[in-house]
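Observations on the model geometry
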Amino acid sequence: MTWVAAVARLRARRETGVLVTVATVRGHAPRPAGAKLVVGRTESWGSIGGGNVEAVAIDRARELLGKADAEPELMEFALNDKVTNRHGVQCCGGEVTVLLEPLPVVPAVAIFGMGHVGMELARILARHDLDLHLIDSRGEMLEAERLAALSDSVAQVHVHHTPLLPEEVLEQLPRGTHILIMTHDHAEDAALCDAALRSDHLASIGLIGSSAKWARFRKRLTTEGGHSEQDLTRIKTPIGLPDIAGKEPAVIAVSVAADLLLAFEKQRANH
């Protein structure tokens, strides 16, 4: 498997990894500059030459996997028989610098409802490195022509057309997904709130709407859904930054996106 495919596999599995690259070579070395190795928690793919260099790099990569705030770093190796190495001697005679780059699990966001606000929000979030799930019960909201603006996304975009029960998508979302409920139908919104509160693998739950809407939902979620007041604190409404009061879809989207970025920072700090 190529290193590119290995990185893609880790991304698809939502697993952390480290990309190890031979950055510089002076003299003789097992592999040239540019050779790459991808290290996961239990597997590795590719090679930077084997021997002590590779073994030490893998050890250090696995140490970085356990750090939420891991940063890229360089390691230097002298390949001669006078150097005491952790994993044996390499006496090629050269010097090698290796770059280790952590590959974190990116945030995941699910937008339920791709109306005006949902589309504006998707445009903004698509510019960020994350997994972006777009869900709507209306097929026309997810047509390729309408989503063409997201074709050059940095994010990996996943489209879900759910004509009957949008809440079924919740169980398909990866652990730690931030969800935003903003469908065209208050009944859908209420069903999604109820289902989200019954799911323990989600991160934040945001609901668009007025205080009057939330008052109706609170009553329904407690009396019919059986949720406690403590349960209801998991739902944030209104969504977005409180000091941004505009009602235009693009303004709401900017506010919600900014609030999400803060949530991402808190999520990283807690891991």
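The structure this text deals with has already been given above.
This text gives an overview of the structure that appears in the document. (Residues numbered from 1 in each chain as written. Predicted model: local features only at pLDDT ≥ 70, side-chain atom pairs only at ≥ 80, totals over all residues. Heavy atoms only, no water.)

Looking at the element boundaries, Asp 259 is found in helix H7 (residues 249–269). Among residues more than four places away in sequence, those in contact with Asp 259 are Lys 236, Gly 240 and Leu 241. (Helix = DSSP H or I, 4+ residues; strand = E, 2+ residues; numbered from the N terminus. Contact = heavy atoms within 4.5 Å.)

Two residues of an α-helix separated by three or four positions point the same way, owing to the 3.6 residues in each turn. In this model, H7 (21 residues) spans 30 Å end to end at C-alpha, consistent with the 30 Å of a helix rising 1.5 Å per residue. Of the residues making up H7, those classed as buried are Ala 253, Ser 255, Val 256, Ala 257, Asp 259, Leu 260, Ala 263 and Phe 264. Here the buried face of H7 lies against strand E6 (108–112), helix H3 (116–125), strand E9 (177–181) and strand E11 (235–236). (Expected span 1.5 Å × (residues − 1). Buried < 20%, exposed > 50% of the residue type's maximum accessible area, 1.4 Å probe, protein only.)

To continue, consider the sheet that holds strand E3 (residues 44–46). Spatial strand order, E3-E2-E1-E5-E4: five strands in an open sheet with antiparallel pairing. The open sheet has two free edges, formed respectively by E3 and strand E4 (73–78), since each of these has just one partner strand. Strand-to-strand, the axes of this sheet are offset by a mean angle of 20°, without reference to chain direction. Pairing geometry for strand E2 (residues 36–39) and E3, over three bridges, is antiparallel. Pairing of Leu 37 across the sheet is with Gly 46, part of E3. Packed on one face of the sheet, helix H1 (residues 3–13) meets strand E1 (17–26), E2, E3 and strand E5 (95–103) and runs near 20° to E2. (Pairing = 2+ DSSP bridges. Axes fitted to C-alpha atoms, helices over the stretch in contact; angles between N-to-C directions.)

As far as function goes, none of this settles anything; it's purely spatial.
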